[in-house]
Amino acid sequence: MRQTAALTLGHLCGVQPRLSHQGMPIGFQLFIYQKLNCMRNACALFLFSLLIAAAGCGVALAQDADLSRQGIAEADVTVPAGTTPESALHIFDRLGDWARFNFLTFNAIRKAEVRAEIAEERLAELKAVVEKGADAAVAARAEALYRAEQADAQTRLNELDSRGQNVADLAERFNQISLRHQAVLGRVLLNAPVEAKEAIKQSLDRSQRGLTQATEVVAHQLERGNLDAERAKKIVGQTTDDLRKKIEIAERDLAALKARTGTVSEEQKELLAARIRGIENLLAMLESRPEFKDIRNDIRLNISNAAQRALEARQAQDIRDIASEDSLRAIQNQQFDPEMRARRMIAAATELLAQLERKINEAMDAKKEVPEKVTALSQNANDHLAKARSAFDAKDFGEAFGQANSAIQNAKNALAYFDSLARLPADANGRICAQVVTPARNAATKDCKVFPNACLPDGWVPDRACAVNGIPTSIQNISPQGIPAPAGVAPTIPRTWEVKITDEGFFPKELAIKQGDAVIWMNGGSRPHWPASAMHPTHAVYPTTGGCLGSTFDACRGLETAERFEFKFEHIGTWRYHDHLNTSLTGAIIVENR
């Protein structure tokens, strides 16, 4: 059947229609020929994508069978990477995924499974590029592609569950996938380029929250009778034991590293801290869900052992946190009050963010530049805290606990970074030189260069676009020189506009601006959204190249709720765009001459 379909489509794609062209102007004849040729090429590309997708389905099914035999004991096994984002052929791989999802998959539950399979492929690509020593831009692109697929798969699982569908098998599979993802992301984090590490940490955090959410779906399925108690107990017990083992592995690696080098890397310690947070959040959720009451009693030893291991790891590695440690002891003693613990975690996060805000304000008052890393961590912390408060109001105390825990960690990381800057030596001008690789552009010549620290020579300003892979940095994102305003006429000041994203679309859907204006997309929806230039999936219509996929007009990842993406439009024209995670949502920015 697959061969017959391929032959039929191939025949259609190869057809050369005979048209009577007598009397037609030669220009019109050429126009018709170009259109037919374009249609033939597009059809051939579509055929190629379908063939790739069909082959991918067979591979995925075989891999699923292998994984079901291996079980969670080998939860860090992942699929082969295939082509990776730095390859020109990667676009065909992604087109194949697109065709597989849109044309070869029809059932909603199967679509969620396919999204999870594609996320595993993107994760394998991320692992492959890091192991090959790819530069930061390639690693960042691979991470963004993985994160978008993972977020979409998780969203689909949650939506199916919220509609009351039977997704018991899917929930169990997502638990296994999340455990594999965490194992792989941990290894990737240790070897990734410095500039890509923060994004990978965030991906690890999202994967851990995804595991907690998938386990909540298990609770819902248990309550509806779609899942029997024995199977639910097995899923929860195995998940708890696996997270405990991951802490033991991380501690073992720390001990081996210290014995070999005498020191412990920051990444190793942060990986252990992430493992501890993951098990704390899962245990808090288990203690918070009434559906798990009987299961908690049956696996009380598993829960107690996991809490004890996390507590010992915090103390042994000096990753102390009073609120977390008190919660772990309460879990051990079966005295965990979900509402009270969530409230305490939110209070601790609020206090840390207040400290961070004071430090940021002090730096600004002293005319010191606030590092971009601190700004990003502060924004992440505030986003998590907002979600924690929202969950608390909805009486989802397990989710509130986990979100507050993430807020605490982001705020602590930002405060620790501030403290590390204070200990660094200053340069001749009294500036603190943080050892952070810093892409920068010369304001006069527009040349790009990557500096080893944050202290830039006079005339250079930070510019992340200078780190884009594969495009000569001397010509990236150079704004065209504007026409000088007539004498005595003040030039128009560029404006910043805002487009709100909801789960229903972009508002306003069309926006007219002037050349040089910027637009901020703010995700006000309940799921991730990824604004990017048309056309899907290449994102190549907007003319400046060097983005993560095609043009620079690309958020490069799904924006979480309340996250923002800003882009400055330097080219006149009507620039259509879409949500890469939901291509039915489209919009347009109309850029007029200033």
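Remember, predicted model here, so these are calculated numbers, not experimental data.

A. Region of interest: the pattern of salt bridges. Applying the stated criterion to the full structure yields 47 salt bridges. The shortest N-O distance in the salt bridge between Arg-180 and Glu-120 comes to 2.5 Å. Placement of Arg-180 in helix α6 (residues 168-191) and of Glu-120 in helix α4 (residues 108-131) is noted, with a sequence separation of 60 residues between them. Here the salt bridges do not stand alone but share partners, grouping Arg-100, Arg-110, Glu-113, Glu-117, Glu-121 and Arg-173 into one network.

B. Region of the structure containing the packing of aromatic side chains. Enumeration according to the criterion identifies 16 aromatic pairs in this entry. Ring geometry for Phe-553 and Phe-569: centres 5.0 Å apart, planes at 75 degrees, overall edge-to-face. Of this pair, Phe-553 sits in the loop between β8 (531-533) and β9 (564-568) while Phe-569 sits in the loop between β9 and β10 (573-579), placing them 16 residues apart in sequence. Neither Phe-553 nor Phe-569 differs from the other in exposure class; each is buried. Between Phe-567 and Phe-569 the ring centres are 4.9 Å apart and the planes differ by 80 degrees, which places this aromatic pair in the edge-to-face class. An aromatic cluster is defined as three or more aromatic residues linked by ring pairs; in this entry it consists of Phe-506, Trp-521, Tyr-542, Phe-553, Phe-565, Phe-567, Phe-569, Trp-575 and Tyr-577. In this structure, Arg-495 packs its charged tip against the face of Trp-497, placed 3.8 Å from the ring centre.

C. Here's a closer look at the sheet that holds strand β11 (residues 582-592). With mixed pairing, the four strands of this open sheet are ordered in space as β6-β11-β10-β8. The open sheet has two free edges, formed respectively by β6 (510-514) and β8, since each of these has just one partner strand. Strand-to-strand twist across the sheet, computed as the mean angle between neighbouring axes with direction ignored, equals 30 degrees.

D. Focus on the nonpolar core. Counting 78 residues, the largest nonpolar core has Leu-272, Leu-283, Leu-286, Phe-292, Leu-356 and Val-374 as the members making the most contacts within it. It is helix α15 (residues 397-422) that provides the largest number of residues to this core, a total of 11 residues. Contact partners of Leu-356, with chain neighbours within four places excluded, come to Val-374, Ser-378, Ala-411, Ala-414, Leu-415 and Phe-418. In this structure, Ile-501, Phe-506, Val-519 and Leu-585 belong to the second largest nonpolar core, which totals 28 residues.

E. Here's a closer look at helix α5 (residues 136-162). Here α5 is 27 residues long and its end C-alpha atoms lie 38 Å apart, about the 39 Å a rise of 1.5 Å per residue gives. Across the 27 residues that make up α5, a large majority, 22, are buried. A side-chain oxygen of the first residue of α5 lies 3.0 Å from the backbone nitrogen of Val-138; this N-cap is Asp-135. Gly-164 occupies a position one or two residues after α5 and carries a positive phi of about 80 degrees.

F. Region of interest: the pairing of β11. As defined by bridge partners, β6 adjoins β11 across five bridges and the pair is classed as parallel. When the sheet's bridge partners are listed, Leu-511 is paired in β11 with Ile-589. The pairing of β10 with β11 spans seven bridges and is classified as antiparallel. Looking across to β11, one finds that Asp-579 is bridged to Asn-582. Between β10 and the antiparallel strand that follows it, β11, lie two residues.

G. Broad picture of the side chain of Gln-409. By the element assignment, Gln-409 lies in helix α15. For Gln-409, a relative accessible area of 16% translates into the label buried. Polar contacts involving the side chain of Gln-409 include one to the side chain of Arg-277, which spans 3.2 Å.

Conventions adopted
Residues numbered from 1 in each chain as written. Predicted model: local features only at pLDDT ≥ 70, side-chain atom pairs only at ≥ 80, totals over all residues. Heavy atoms only, no water. Salt bridge = Lys/Arg side-chain N within 4 Å of Asp/Glu carboxyl O. Helix = DSSP H or I, 4+ residues; strand = E, 2+ residues; numbered from the N terminus. Phe/Tyr/Trp six-rings, centres within 6.5 Å; stacked < 30°, edge-to-face > 60°. Buried < 20%, exposed > 50% of the residue type's maximum accessible area, 1.4 Å probe, protein only. Lys NZ or Arg CZ within 6 Å of the ring centre and 35° of its normal. Pairing = 2+ DSSP bridges. Axes fitted to C-alpha atoms, helices over the stretch in contact; angles between N-to-C directions. Core = buried A, V, L, I, M, F, W, Y, C linked by side-chain atoms within 4.5 Å. Contact = heavy atoms within 4.5 Å. Expected span 1.5 Å × (residues − 1). Polar contact = N/O pair within 3.5 Å; in protein donor to acceptor, adjacent residues only side chain to side chain.

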